[in-house]
Amino acid sequence: AQSVTQLGSHVSVSEGALVLLRCNYSSSVPPYLFWYVQYPNQGLQLLLKYTSAATLVKGINGFEAEFKKSETSFHLTKPSAHMSDAAEYFCAGLQGAQKLVFGQGTRLTINP
Amino acid sequence: SQTIHQWPATLVQPVGSPLSLECTVEGTSNPNLYWYRQAAGRGLQLLFYSVGIGQISSEVPQNLSASRPQDRQFILSSKKLLLSDSGFYLCAWSVLDSLIYEQYFGPGTRLTVT
């Protein structure tokens, strides 16, 4: 069964610094993986997805993620943090055709 | 374009009272529909999903139930709320996109049981 682990429940970076949010998965092959963002009291918005095509996936708002099979990882990065990036981020994996399995989430804080 | 609505946006209910949360999707046909719960400080837990009218799969045993009376309507219910039912409830829909079912989420309902 698919499981997803996000390392670090809270990450804090300075504005303009690199953002790195970590996600590891365990699943049968092939894994379909997603990153979602949630702003306070709102639903989830899809940032990007990996579907066994290119290992480097580019998403919205300048985010990207790299699928590394050898490390079973799908870490989310952004070269330069912006204040508007402050939110909670969820990594998720597709289990079967219907079910998303979510990590516990990482709250990203941006310091001015 | 497709949109998903949830109401109410917020709800405060006493313990033991009934619950009905509604989710509707516009702009698509025969979507798969999902209910998730997000408890404070925790990730999202899938509660129910539906692949068609009247077809409900339950993921977690609890005092909640779901129904799908129409193609694009999904309802989450309870006969008697518990304190532990408090949380943020999210509805989602999906259709097959290339190889996979990509899920799109609604704005959520914040439920506080007092």
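Here the residue numbers are simple positions, counted from 1 along each chain's written sequence. The order in which chains are written sets their letters, starting at A; the order in which ligands are written sets their numbers, starting at 1. Reporting of local features is limited, given that this is a predicted model, to residues whose pLDDT is at least 70; pairs of side-chain atoms are given and counted only at 80 or more, and all residues count toward the totals for whole chains, interfaces and linings. Here the side-chain values reflect all heavy atoms present in the structure, with hydrogen atoms and water set aside.

This part takes up the state of the cysteines. Disulfides are defined as pairs of cysteine sulfur atoms found within 2.5 Å of each other. Considering all chains together, one arrives at two disulfides over all chains under this definition. One disulfide in the model links Cys-23 of chain A with Cys-91 of chain A; its S-S distance is 2.0 Å. Disulfide Cys-23 of chain A-Cys-91 of chain A: torsion about the S-S bond near -65°, hence left-handed. Note that Cys-23 of chain A is positioned in strand β3 (residues 19-26) and Cys-91 of chain A in strand β9 (residues 87-95), a separation of 68 residues in sequence. Here Cys-23 of chain A and Cys-91 of chain A have matching classes, each one buried. Paired by a disulfide, Cys-23 of chain B and Cys-91 of chain B hold their sulfur atoms 2.0 Å apart. Disulfide Cys-23 of chain B to Cys-91 of chain B: torsion about the S-S bond roughly -75°, handedness left-handed. Within this pair, whereas Cys-23 of chain B is found in strand β3 (residues 19-26), its partner Cys-91 of chain B is found in strand β9 (residues 87-97), the two being separated by 68 residues in sequence. Per-residue accessibility, obtained with a 1.4 Å probe over protein chains only, is compared with the maximum for each type, and a residue is labelled buried under 20%, exposed over 50%, and partly exposed between these values. The class for Cys-23 of chain B is buried, based on a relative accessible area of 1%. Numbering of helices and strands runs from the N terminus; a helix is a DSSP stretch of H or I covering at least four residues, while a strand is a stretch of E covering at least two.

Glancing now at the environment of Leu-48 of chain A. Residue and element names in this part refer to chain A. Inspection of the secondary structure assignment puts Leu-48 in strand β5 (residues 44-50). Given the relative accessible area of 3%, Leu-48 is considered buried. As a C-alpha pair, Leu-48 and Leu-33 span 15 residues in sequence and 8.6 Å in three-dimensional space.

Before going further, it helps to spend a moment on the sheet that holds strand β6 (residues 56-58) of chain A. Residues and elements named next belong to chain A. What the five strands build is an open sheet, ordered β1-β3-β8-β7-β6; its pairing is antiparallel. Two strands close off the open sheet at either side, each with one partner strand: β1 (3-7) and β6. Across the sheet, the mean angle separating the axes of adjacent strands is 20° when strand polarity is ignored. Summarising the sheet, β1 and β3 pair through five bridges and their orientation is antiparallel. Directly across from Thr-5, in β3, lies its bridge partner Asn-24. We treat two strands as partners when DSSP finds at least two bridges between them. Note on geometry: axes are lines fitted to C-alpha atoms, helical ones only across the stretch in contact, with angles between N-to-C directions running from 0 to 180 degrees.

With that settled, the discussion passes to the environment of Thr-55 of chain A. All names here are of chain A. As for its placement among the helices and strands, Thr-55 is situated in the loop between β5 and β6. Taking the C-alpha atoms as reference points, Thr-55 and Phe-74, separated by 19 residues in sequence, lie 9.3 Å from one another. In this description, contact between two residues means that some pair of their heavy atoms is separated by no more than 4.5 Å. Residues within four places of Thr-55 in sequence aside, it is in contact with Tyr-50, Ala-65, Glu-66 and Phe-67.

Salt bridge, as used here: a side-chain nitrogen of Lys or Arg that lies within 4 Å of a carboxyl oxygen of Asp or Glu. One pass over the structure, following the stated rule, counts seven salt bridges over all chains. Glu-102 of chain B is the partner of Lys-49 of chain A in a salt bridge, and the nearest nitrogen-oxygen pair spans 2.2 Å. Taken together, the residues span two chains, with Lys-49 of chain A in strand β5 and Glu-102 of chain B in strand β10 (residues 100-105). Judged by relative accessible area, which is 25%, Lys-49 of chain A ranks as partly exposed. Accessibility expressed as a relative area gives 5% for Glu-102 of chain B, which makes it buried. For Lys-99 of chain A, the salt bridge identified is with Glu-59 of chain B, shortest N-O distance 3.3 Å. Of the two residues, Lys-99 of chain A sits in strand β10 (residues 99-102) while Glu-59 of chain B sits in the loop between β6 (55-58) and β7 (64-70), which places them in two different chains. The partly exposed category is assigned to Glu-59 of chain B, whose relative accessible area is 31%.

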